[in-house]
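Architecture at a glance
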Amino acid sequence: MAKQYGYETRFLGPAVPLSRLIDVVLSQKPDSVGISYRLTPQTLEPLLEELKALIEQYDLQHIIWLFGGTPQNCETAKRFGIFEHVFAKSGDEESLAYLQNEDMYNGQMTYASDLIGRIRESYPYPLIRHHFGLPSLDMTITGVKDIASSGLVDVISIAPDQNAQEHFFEPDEMNEDMDGAGGVPIRKPDDLKRIYDAAQTGNHPLLRCYSGTNDIFDMAQMLKDTIDNAWAAIPLCWYNRLDGRGPRRPLESIAENQLLMKWHADRGIPVEVNEAHHWSLRGAHDAIGVAAAYLAAYNAKSMGVRYYISQMMFNVPPQISPVMDLAKMLAVTEMIDTLQDKSFTVFRQVRAGLASMPDDLDKAKGQLAASTYLAMALKPHIVHVVGFCEADHAAKPEEVVESCAIARAVIDNVLKGMPNMTLDPAVLKRKDQLISDAYAIIGTIKRLDEHKDALIEPSCIAAAIKLGILDAPQLAGNPYAAGMLKTAVIGGACYAVDESGKPVDEKRRLRDVLSNIYNGIAAHEKFVF
């Protein structure tokens, strides 16, 4: 590695006697000497005592002495005061950082303060993002500092509790019994500033926070002012009466969410439209998930977003097979990539599905690693790590760090070279079918109003939900949705099915929906939007 960065090197081999080491140092006069030791601290101590005496005897203190070993040996080495730096971490990342920039170890390492800059510094190594928020503000602040100090997390997503998301600007509306539900109870701007200040250590991770479900523009401004929100995550069709997370009607919230995308676009803030997995998490079949991902990106571009974060949640539903999951995400990627041009750049973000995590924590670690490996086939710019413990409890700081360490180990291996799973014939066949079905869904939405761009017309999007063009089994009984769709996982993929449980051709399903419209069963001016 040192040779790659222009150093002239000499390797003396293993198990070198100290007398020989000193002879070579005296004859070669190196700038730096690196030694390693992997046995026990008890046997290391006398060796270091002898080395320290030889350094003093031959006046070799001007040389930079470096040490690498197990964590216990590194603690022993530090006590002797010989070494400028010790390297306890396994893997190449710390060594490479030292070889490229010694200032990192003098507290002078700088990091890009914006998302795009960080991606450009890091890629093809993806940025590591993790969600964090505990029911106590003080515990969250302490935890953010611990996570930042680890240097393993590039983006911390602050998780506010539901009271904060919905009623931050109307505190009298908060339900005290719900304090801390789902995240940290943020109650004033200074709470966010304290969290931001806690993150200014280690690798200075970027911060971002979930959007509000009410007073969304006031929330966006506050997040920009307090934590310099790295990017906004905005739904297209959700955070309203459709999912029960806000008081707005879908028609109203779709229009407002579009304006919120534009608000961020006007300020140069990247945008993620977290739409597709909301459908998949409610049981929608794969084709709707793919179509929703395209619809989200299309709306972001139409609102002027320059940098778009395409989040792809794997393992939804949990029964989906890796082959069909990869095909689904490749279909999403291929469709969204057609929107890219000089004004619209897409960055891929991947994550595991929370429901796929077993409550057995050892098995969950395996699932996290397996999901990360599969998702790396997409060459992501961001890996959103889901804590292995999340099926059992909200991640503590040490569990966030451990989860990210697991993901980083997978990424380190993948970047050495992995088989190209995207060329598997079964993956390609399913991908092509999903693209065809998703475009059929998009085309059907367009038919709702051929005089306007129906894909960005709030009334058309709301109608698509009410009519069942976009639908999900868990929307049954919702007055703003059709709630008629039935789905099942067959052969590792999620399909729309009929009453007998047999897969329904997507184009036939859409013809039936249109037939109902044209027969007057559902005239959309009568709908509740």
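Look above for the structure.
The sections below set out a description of the structure shown in this document. (Residues numbered from 1 in each chain as written. Predicted model: local features only at pLDDT ≥ 70, side-chain atom pairs only at ≥ 80, totals over all residues. Heavy atoms only, no water.)

1. Some remarks on the overall build of the protein chain
Per the secondary structure count, the protein chain includes 18 helices and 13 strands. For the C-alpha atoms alone, the extent of the protein chain along its principal axes is close to 100 × 55 × 45 Å. Taking all 529 residues of the protein chain together, the buried fraction comes to 53%. Across the protein chain, the fraction of contacts at a sequence separation of at least 24, relative to all contacts at a separation of at least 6, is 72%. (Helix = DSSP H or I, 4+ residues; strand = E, 2+ residues; numbered from the N terminus. Buried < 20%, exposed > 50% of the residue type's maximum accessible area, 1.4 Å probe, protein only. Contact = heavy atoms within 4.5 Å.)

2. Section: the pairing of strand β11 (residues 382-385)
Of the two faces of β11, the one lined by I382 and H384 and the one lined by V383 and V385 are each fully buried. In terms of strand pairing, strand β4 (residues 127-132) meets β11 through four bridges, oriented parallel. What sits directly across from I128, in β11, is V383. Bridging between strand β10 (residues 345-351) and β11 involves three bridges; their strand directions are parallel. Directly across from Q349, in β11, lies its bridge partner I382. (Pairing = 2+ DSSP bridges.)

3. Observations regarding empty space enclosed by the protein
Under the defined criterion, the tally for this structure stands at five cavities of 30 Å³ or more. Here the largest cavity is characterised by a volume of approximately 90 Å³. Broken down by secondary-structure element, the contributors of at least two residues to the lining of the largest cavity are α11 (276-281), α12 (286-302), β9 (307-313) and α13 (322-337). Looking at the lining of the largest cavity residue by residue, the class counts come to eight nonpolar, four polar and one charged. (1 Å grid on protein atoms, 1.4 Å probe; cavity = no way out; pocket = protein on both sides within 12 Å on 5 of 7 lines; lining within 4 Å. Points joined across faces, edges and corners; volume = space filled by probe spheres on them. Nonpolar A, V, L, I, M, F, W, Y, C, P; charged D, E, K, R; others polar.)

4. Focus on the sheet that holds strand β8 (residues 271-272)
In space, the eight strands of this open sheet follow the order β6-β5-β4-β11-β10-β9-β8-β7, with parallel pairing throughout. Across the chains shown, the open sheet's two edge strands, defined by having one partner strand only, are β6 (206-209) and β7 (232-233). Where β4 meets strand β5 (residues 155-158), four bridges bridge the pair, whose relative direction is parallel. By the bridge assignment, H131 is partnered in β5 with S157. Running at roughly 165 degrees to β9, α13 makes contact with β9 and β10 of the sheet. (Axes fitted to C-alpha atoms, helices over the stretch in contact; angles between N-to-C directions.)

5. A closer look at a negative patch on the surface
On the surface, a cluster of negative charge is made up of D359, D360, D362 and D392. Of note, D359 is situated in the loop between β10 and α14 (361-375). (Patch = residues over 30% accessible without salt bridge, like charges linked within 9 Å, V, L, I, M, F, W, Y side chains within 5 Å. Areas by Shrake-Rupley, 256 points an atom, 1.4 Å probe, with all protein chains shown as cover. Salt bridge = Lys/Arg side-chain N within 4 Å of Asp/Glu carboxyl O. Lys, Arg positive; Asp, Glu negative; His and termini not counted. Charge placed at Lys NZ, Arg CZ, Asp CG, Glu CD.)

6. Thoughts on the pairing of strand β1 (residues 32-37)
Going residue by residue along β1, you find V33, I35 and Y37 tucked away on one face and S32, G34 and S36 left uncovered on the opposite face. Viewed along the sheet, the connection from β1 through helix α2 (residues 41-57) into strand β2 (residues 64-69) turns out right-handed. (Right-handed = clockwise from strand over helix to strand, strands pointing away.)

7. So, the sheet that holds β1
If you trace the three strands from one edge of the open sheet to the other, you get β1-β2-β3, paired in parallel fashion. A single partner strand is all that each edge strand has here, and the edge strands are β1 and β3 (85-87). When strand polarity is set aside, the average angle formed by the axes of neighbouring strands in this sheet is 20 degrees. Of the pairings in the sheet, the one linking β1 to β2 comprises six bridges and is parallel in character. Considered in β2, the bridge of V33 is made with W65. Contacts between α2 and the sheet are confined to β1 and β2, with β1 contributing the most and set at about 165 degrees to the helix. Against the sheet, helix α3 (residues 71-79) contacts β1, β2 and β3, and its axis sits at roughly 150 degrees relative to β2.

8. A closer look at the packing of helix α6 (residues 137-150) against helix α15 (residues 397-414)
Where α6 contacts α15, the axes come no closer than 9 Å and their chain directions differ by 25 degrees. In terms of orientation, α6 lies roughly parallel with respect to α15. Between α6 and α15 lies a crossing of right-handed hand. Contacts between α6 and α15 involve G143, D146, I147 and S150 from the former and P397, V400 and V401 from the latter. Broken down by class, the residue content of the contact of α6 with α15 amounts to four nonpolar, two polar and one charged. (Parallel < 35°, antiparallel > 145°, perpendicular 65-115°, else oblique. Left-handed = near helix turned anticlockwise from the far one by under 90°.)

9. Comments concerning α6
With 14 residues, α6 ought to run about 20 Å at 1.5 Å a step, and its terminal C-alpha atoms sit 20 Å apart, in line with that. Here α6 has its buried residues at L137, T140, I141, G143, V144, I147, A148 and S150. Structurally, α6 contributes buried residues whose contacts are with β4, β5, α8 (189-198) and α15. Its side-chain oxygen 3.4 Å from the backbone nitrogen of D138, S136 forms the N-cap of α6. (Expected span 1.5 Å × (residues − 1). Polar contact = N/O pair within 3.5 Å; in protein donor to acceptor, adjacent residues only side chain to side chain.)

10. Here's the deal with the nonpolar core
Nonpolar side chains in soluble globular proteins tend to be buried together. Grouped together as the largest cluster of nonpolar side chains are 125 residues, with contacts concentrated most on I158, M261, W279, Y308, I441 and L470. If one sorts the elements of this core by residue count, α12 sits on top with 12 residues. Core analysis: the next-biggest nonpolar cluster, separate from the first, contains 22 residues, V25, L44, F83 and V86 among them. (Core = buried A, V, L, I, M, F, W, Y, C linked by side-chain atoms within 4.5 Å.)

11. Description of α14
Compared with an ideal rise of 1.5 Å per residue, which puts 15 residues at 21 Å, α14 spans 21 Å between its outermost C-alpha atoms and is within 8% of the ideal. The set of residues buried in α14 consists of A364, L368, S371, T372, L374 and A375. On an axial view of α14, the arc spanned by its buried residues comes to 160 degrees, and they lie on one face. In this structure, α14 carries D362 and K363 as exposed residues pointing more than 90 degrees from its buried face. Buried positions along α14 lie against α13, β10, β11 and α15. A side-chain oxygen of the first residue of α14 lies 3.0 Å from the backbone nitrogen of D362; this N-cap is D360. (Arc of directions from axis to C-beta.)

None of this, on its own, says anything about what the molecule does.
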